[in-house]
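# Overview (structure and organization)
Residue-level listing of the chains:
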Amino acid sequence: MRPARFILHQPQTIREAVNLAKEGIIPLAGGQSLVPELRQRNWSPAEIFSIAKVADLSETISFSETSLNIGARVTVKQLLENQQVKQYYPWLREAASKLGDVQVRNFATVVGNVCWSDPRANLAVALLASDAKILILNENYGTEPTNLNDFFTGFRKNTLGSRIACGIEVPYVPNRGGTYMEFSRQPQDLALVNLGAV
């Protein structure tokens with residue numbers, strides 16, 4: 001099925017993106033959760049805006065002495081291939097490896113997966129167990145770190161509202177260990193049960 005007609009905005013700047021979000025227009029990152037919903041017409045917004053060309057929204061992963069920082073446009077594939085994630089956060093890599101198939105991982109963003117707020121989403125559970133914070137842009141274009149524990153409010157519900165998430169911050173603790181496990185009907189399917197422990 002094809003989506004209902006909608007207007008697609010392609011902002012170039014943070015200011016433009018924030019203003020569109022304030023108007024209640026839905027942001028689109030990788031689209032791997034949103035587009036199927038549009039195709040099935042479970043959701044028919046009149047307007048959507050893509051963050052793909054907003055240069056100030058990072059598409060990089062950086063690592064410091066205190067945290068792992070994941071930009072708004074970082075894909076699941078990038079997370080999987082990052083050597084520091086592999087070394088220091090293997091449970092995040094395990095969760096990412098179970099997310100969809102290769103095509104989905106090439107386009108799906110880590111932040112988008114979290115913002116979808118589905119408890120069956122691999123990364124949401126693994127990042128929640130990691131004490132991660134989501135970085136939300138406020139009206140003054142500054143970032144407000146919010147604990148994921150406070151961000152999620154229900155099934156596909158969160159506190160984002162008419163704002164934009166611009167990254168995820170995962171604390172770095174030396175010698176920290178963790179695991180991610182899930183049970184699903186078949187590989188790459190949504191989890192029936194999933195567990196993240198750090």
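It should be noted that the structure appears before, not after, this text.
In this report, we go over the structure that sits alongside the text. It should be emphasised that the depicted structure is a prediction, and the values quoted were computed from it without experimental measurement. (Residues numbered from 1 in each chain as written. Predicted model: local features only at pLDDT ≥ 70, side-chain atom pairs only at ≥ 80, totals over all residues. Heavy atoms only, no water.)

## Overview of the packing of aromatic side chains
This model, assessed by the stated rule, comprises 6 aromatic pairs. When the ring of F63 is compared with that of Y88, the centres are 5.0 Å apart and the planes differ by 0 degrees; the resulting orientation is stacked. Here the residue F63 occupies a position in strand β4 (residues 61–63), and Y88 occupies one in helix α4 (residues 83–88), the gap between them amounting to 25 residues. Residue classification places F63 among the partly exposed positions, given a relative accessible area of 24%. In this structure an aromatic cluster arises from ring pairing among F63, Y88, Y89, W91 and Y172. (Phe/Tyr/Trp six-rings, centres within 6.5 Å; stacked < 30°, edge-to-face > 60°. Helix = DSSP H or I, 4+ residues; strand = E, 2+ residues; numbered from the N terminus. Buried < 20%, exposed > 50% of the residue type's maximum accessible area, 1.4 Å probe, protein only.)

## Things to note about the pattern of salt bridges
In the structure shown here, the tally under the stated rule is 6 salt bridges. Across the salt bridge formed by E94 and K98, the nearest N and O atoms sit 3.2 Å from each other. You can call E94 partly exposed: its relative accessible area is 33%. Put simply, D131 and R176 hold a salt bridge, and the shortest N to O gap is 2.9 Å. A residue pair is termed long-range when its members are at least 10 positions apart, and D131 in the loop between α8 (122–129) and β6 (133–137) and R176 in the loop between β10 (164–171) and β11 (179–184) qualify at 45 residues. The class for D131 is partly exposed, based on a relative accessible area of 47%. Within this structure, D118, R120 and R156 form a network of salt bridges that share partners. (Salt bridge = Lys/Arg side-chain N within 4 Å of Asp/Glu carboxyl O.)

## Quick word on the sheet that holds strand β7 (residues 143–147)
The strands making up a sheet associate through backbone hydrogen bonding, with each pair oriented either parallel or antiparallel. Strand order in this open sheet of 5 strands is β4-β5-β10-β6-β7, and the pairing throughout is antiparallel. A strand with exactly one partner marks an edge of an open sheet, and here the two such strands are β4 and β7. Sheet twist, expressed as the average angle between the axes of neighbouring strands with direction ignored, equals 25 degrees. Of the strand pairs in this sheet, β6 and β10 are connected by 5 bridges, and their pairing is antiparallel. Within β10, the residue paired with I134 across the bridge is I168. (Pairing = 2+ DSSP bridges. Axes fitted to C-alpha atoms, helices over the stretch in contact; angles between N-to-C directions.)

## Side note on the pairing of β7
Strand direction decides the pairing type here: β6 and β7, joined by 5 bridges, are antiparallel. The residue bridging L137 from the neighbouring strand is T143, located in β7. Counting the residues that bridge the hairpin from β6 to β7 gives 5 residues, and of these Y141 lies at a positive phi of roughly 70 degrees.

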